[in-house]
Amino acid sequence: VPGTQYIIKNRAIPLFFLKIGGWPYFCYNAPMRRGLTFVLPFFLWVYLHRDFLSGAIPLNLDTNTIYGVTKYYFNNVLNGVMPLWDPFVSLGRPFYALSICNLFNPLTQLVAILKLLGLNYHQAFTIYLAVYFWFGCVGFYFLAKQILKDTRMAFLCYIALMFSSLGTGMFTQFTLVEILVPTLWFFYFVLAFAHGPKQGTFLGTILSIMMALSAYLPFYFLTVVCLCALGCVVLFPKEMLDMVKVRWRFKSTHWRLSLLCAAGVLIAAGPLLSYKILDASGDAVSPGRHCQYTTAQECYDRTMNQHGGMLYEEIARSGGLGERIDVGYLFAHLDKMTYGSDSLFFMPLWIYLLLLLSVFLKVDKTNVLLAGMATAIGLIALGDATPAHRFLYEHVFFFKYFRNLFFLGAFLIPLLILLAIKQLQALLAVRPSSTFAKKMIIVGIVLAHAAAIVFLRQYHAMPSAYATLLLSAGFFILHYSGALRVGMTPGMWTLALLLVLQPVSVVNAYSANAGEFKCVLPSAHVVPQWSWVRPDQPATSSCRIYQFVPYEDFWYAMSMRDAPAKVGIPQAAARWTFELSQRLGEERLAAYAKYKVHLYDRVPSSGEAVQGPSGQLDVAHFDVNRVIFKTQFDRRKLLVYNDSFTQSWRAKIDGQKQTVKRTNDAFKGVWVPAGEHRVEFYYAPPGGQWVYVLAAVMMLLFALLTAHRLYRRM
């Protein structure tokens, strides 16, 4: 209020109402005002995505797969079992997803906590999605603050990322967010440590690496880090050398902490190493990774001979950014985006406009680094459209091991946002030296916006796009005429509005388009039940989300029920089962393996299919990693459990270890003496469950230790 001073004590409650211009104004202390300002965009984001978060619109495509995996994991953990094996699909196979689906991230444990508090798995999972994404946006805010040295500009970066396609497309492709979040925090902690080496930022760097190791294949993270390191060595050699010296001195003076961090990284890498050991053992194969651009025979040969990596054609042609994104669709028909796409790519229109307006500004080394990284990542992500990826595929080993190059698009968005907001910072710093210069700038602003309107008309852009351009033109005219300053509250909220105006209408249209996909996903807690006979027909659903990916790919993980006795061409299968399915054919294999247990008096013989419990055979215990049979045979018999054989399966009879025989080429069996006995089959891969338990515990420990050190500013 002009002419009046108010002294407000630092309290975390509303103090009084003021009437300014007829509008009630809640007067808070400064920290509370900043906190409220910070969460308001997130509240708007939650409201816009309410149908996705509530489950009214189901999760789709890869996010549905991640949900199925996450539900399977926590459902079994809450049953007291660390799931290492999946007995329900492909006649039994290793639970590969345990190593690469972000299950040990401290934030992912929110799913189990919310389930214990009474929510179902779907509700818990969607809340986890929102919290994890918001956590990434917060990391981007702090990273932008380190780079731009301006809290207001960092806040704009936070809003722009939140209302990009990353926040909307994650309901079909959450993997993009999974790999991006630890990368953003990693770069923030690296910069923060370089500006002032502290234990908290050092621990945060290590925690980010641990999170990246547990997310979907750390090669995406490694690619971006290597590109950034290369760019910094070229552009900032002195600063890079100083940072290396600072880190070396820190490790020397904090050698105990350094040893703890090294141990943490090794333990966090344990699940991925177990995955690699299993893959190298020859017990499991991934036939689906080799079959898209080869003959059936070549696919089979490559699969069974365990050729490492993937074919260049499959990586470059089926997962590149070029096949997923049409430049015209960056602006056109955004109101017609389908829920059947897992590769949405859009940013607030104003980001593109800022890049256009600042094209004549001087650039510094940071601009060059951001633009160079975005260009390099874009060239790699295009796959076969440029020579960049083929060169890396042939000369850098890890480029043979990840396929979906369009995932790199997740890193393009924050890079372009940072570059655009940094250019905005430079635009707002321009001070016309004369009235003529001021007029010329305003004329240039008007012409640039007019050109943008003409351009968008060719693409039939949404009305909100034109509203954004008009508001932007008005803002810059008022700013350069001196009537509006960014430091004033109206100026900042105008900038925020410019970033959300178009995305709000895009998300509303996207939500309306996705409404036709409504259905209910399995979300109840399940205690897996043993069944003696597998079903003949797969589960089906009329829900439209399953027109893109077969329903059975999700159903059995979510409901923990047996799939039909077939292998097909899955993404992962036990080696011997896959080989048998190719040699016998699916129909003959299904006719035999429909019954989970066969008994033989001698071999070779036809054996007896067990169709249910009896006085001579029953199941005493069953979970996803083991089954215990109670036997009462009148003579010695071979008990064959028609679940896939691998070298990691073990057997006990009355507590005594037995040799598991690979029977009927693909399954497991053990000779059982006459009389009453307890026969146990259990899965014990290298490292067992402790590899995964230690990874989860260590990451949680590092998260708590990092938060403690950051809170105490140590």
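Preceding block: the structure.
Now for a look at the structure at hand. (Residues numbered from 1 in each chain as written. Predicted model: local features only at pLDDT ≥ 70, side-chain atom pairs only at ≥ 80, totals over all residues. Heavy atoms only, no water.)

### Describing the overall build of the protein
On a plain count of helices and strands, the protein comes out with 27 helices and 16 strands. Relative to a compact globule of 714 residues, whose C-alpha radius of gyration would be 27 Å, the protein shows 29 Å and is just as compact. In terms of its C-alpha atoms, the protein occupies a principal-axis envelope of roughly 105 × 55 × 55 Å. For the protein, with 714 residues in total, the buried portion stands at 54%. Expressed as a percentage of contacts within the protein between residues at least 6 apart in sequence, the contacts between residues at least 24 apart total 75%. Computed over 62 positive and 38 negative side-chain charges, the inter-centroid distance for the protein is 15 Å. (Helix = DSSP H or I, 4+ residues; strand = E, 2+ residues; numbered from the N terminus. Rg over C-alpha atoms; globule rule 2.2 N^0.38 Å. Buried < 20%, exposed > 50% of the residue type's maximum accessible area, 1.4 Å probe, protein only. Contact = heavy atoms within 4.5 Å. Lys, Arg positive; Asp, Glu negative; His and termini not counted. Charge placed at Lys NZ, Arg CZ, Asp CG, Glu CD.)

### A closer look at the packing of helix α11 (residues 237–253) against helix α12 (residues 255–268)
Direction vectors running N to C along α11 and α12 enclose 100°, while the axes themselves pass 5 Å from each other. As judged from the angle between their axes, α11 and α12 are roughly perpendicular. On the side of α11, the interface is formed by F250, K251, S252 and T253, while α12 contributes W255, L257 and S258. Residues that form the contact of α11 with α12 fall into these classes: three nonpolar, three polar and one charged. (Axes fitted to C-alpha atoms, helices over the stretch in contact; angles between N-to-C directions. Parallel < 35°, antiparallel > 145°, perpendicular 65-115°, else oblique. Nonpolar A, V, L, I, M, F, W, Y, C, P; charged D, E, K, R; others polar.)

### Thoughts on the sheet that holds strand β10 (residues 626–633)
Two strands in a sheet stick together by hydrogen bonds in their backbones, pointing the same way (parallel) or opposite ways (antiparallel). Sheet architecture is open: five strands sit in the order β9-β10-β16-β12-β13, paired in antiparallel fashion. Across the chains shown, the open sheet's two edge strands, defined by having one partner strand only, are β9 (617–623) and β13 (656–658). The mean angle between the axes of side-by-side strands here comes to 25°, regardless of whether they run parallel or antiparallel. The pairing of β9 with β10 spans six bridges and is classified as antiparallel. (Pairing = 2+ DSSP bridges.)

### Some details on the packing of aromatic side chains
Counted under the stated rule, the structure contains 65 aromatic pairs. Their ring planes at 45° and their centres at 6.5 Å tell us that W532 and F629 sit as a pair that is tilted. Placement of the pair is W532 in the loop between α23 (489–514) and α24 (552–559) and F629 in strand β10, with a sequence separation of 97 residues. An identical accessibility class is assigned to W532 and F629; each is buried. (Phe/Tyr/Trp six-rings, centres within 6.5 Å; stacked < 30°, edge-to-face > 60°.)

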